[in-house]
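Structural characterization, general
In case you want the letters, here they are:
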Amino acid sequence: MYRLKEMLLQEQKHLEAILAKTSNNNSSTPEGRLRISMNHGNVRYYNCTNGRDGDYIPKENELLPRQLAQKTYNDSILKAAEAHKKLIDGFLKDYKENEIEELFTSLHPERQKLITPVEPTYAQLEQKWYSEPYIGKDFNEGTPVILSEKGERVRSKSEKILADYFFRNNILYKYEKPLTLAGYGTVYPDFTFFSKKLKKEIYWEHEGMMDNPEYATAAVKKLNNYQLNGIIPGERLILTFETEKDVLNSKIVSDLVNKYLR
């Protein structure tokens, strides 16, 4: 249902833009409405005001018929867009995104024990996902040992910063859980999460040496293959980047967490 709400919010913004644009276009249109008649195959235009048949518009005046026709069309658009927006506004006002789940989670814990929920809660799904074992990527011999606050070995100081942030904020993750991309092979996303909004896995890739041409080329190839497999940045793929001079920005991390992992 999250996707439904997101689509409706996008449509709401779309309708607001249409209303603003159309209202602005109509602000400078002339009075009256266009009446079109045919006379022996010839088109005649009339500007009708106060319900009269209208005043004939000379052929030399090419602009006025267009303005009046556009005005009538714009009025129809305004009416339809306002009606659609009213429906969406009403739905979003009354819609509770997590109501089904909250009907269970709001119960007393002892009562919850007596009930089988109609569908698993997010916490149940996440815990089941988190408990599933996996084999991560091996570390080459001689690789520096960097441990996160969770006690987990990571490959870089930036990955430690990210892992520690997730750990301190009680965000469950899997480090370098393998993922198969068709046409590319197995990749090991830096962090994998179980999305509360999507109820499926999402991935966080930190590309930390983008000023290294060879590294950057490989990163672009990998990220393109994510997209070819339907894992799109901004939907199921979170990206952060770093160079020697432009290091990981903590505000960006916080903003991304709030947007995708809350």
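Notes on the structure in this doc start here. All of these numbers come straight from a predicted model, not from anything done at the bench.

1. A closer look at the pairing of strand β9 (residues 191-194)
The alternating pattern of β9 places F191 and F193 on one face and T192 and F194 on the opposite face, and all of these are buried. By the bridge criterion, 4 bridges tie β9 to strand β10 (residues 201-207) in an arrangement that is antiparallel. Bridge pairing in β10 places F193 opposite I202. Counted between consecutive antiparallel strands, the loop separating β9 from β10 contains 6 residues, among which K199 sits at a positive phi close to 60°.

2. Focus on the packing of aromatic side chains
Enumeration according to the criterion identifies 14 aromatic pairs in this entry. Between Y46 and Y56, the aromatic rings sit 5.8 Å apart at their centres with planes inclined by 65°, giving edge-to-face as the arrangement. One end of the pair, Y46, is in strand β2 (residues 42-48); the other, Y56, is in strand β3 (residues 55-56), with 10 residues separating them in the sequence. The exposure class of Y56 is partly exposed, given its relative accessible area of 41%. When the centroid spacing of 6.4 Å and the interplanar angle of 40° are considered together, the rings of W129 and Y130 count as tilted. The class of W129 is buried, set by a relative accessible area of 5%. With relative accessibility at 28%, the residue Y130 sits in the partly exposed group. Grouped by ring-pair contacts, the aromatic residues Y165, F166, Y173, Y175, F191, F193 and W204 constitute a single cluster. For K150, the ring lying beneath its charged end belongs to Y173, and the centroid distance is 4.2 Å. A cation over a ring is seen here: K174 above W129, with NZ or CZ 4.8 Å from the ring centre.

3. So, the sheet that holds strand β1 (residues 33-39)
Overall, antiparallel pairing links the 3 strands, which are arranged β1-β2-β3 in an open sheet. Single-partner strands in this sheet number two, and they are β1 and β3. Of the pairings in the sheet, the one linking β2 to β3 comprises 2 bridges and is antiparallel in character. Residue pairing in the sheet places N47 in a bridge with D55 of β3.

So, how was this worked out
- Residues numbered from 1 in each chain as written.
- Predicted model: local features only at pLDDT ≥ 70, side-chain atom pairs only at ≥ 80, totals over all residues.
- Heavy atoms only, no water.
- Buried < 20%, exposed > 50% of the residue type's maximum accessible area, 1.4 Å probe, protein only.
- Helix = DSSP H or I, 4+ residues; strand = E, 2+ residues; numbered from the N terminus.
- Pairing = 2+ DSSP bridges.
- Phe/Tyr/Trp six-rings, centres within 6.5 Å; stacked < 30°, edge-to-face > 60°.
- Lys NZ or Arg CZ within 6 Å of the ring centre and 35° of its normal.

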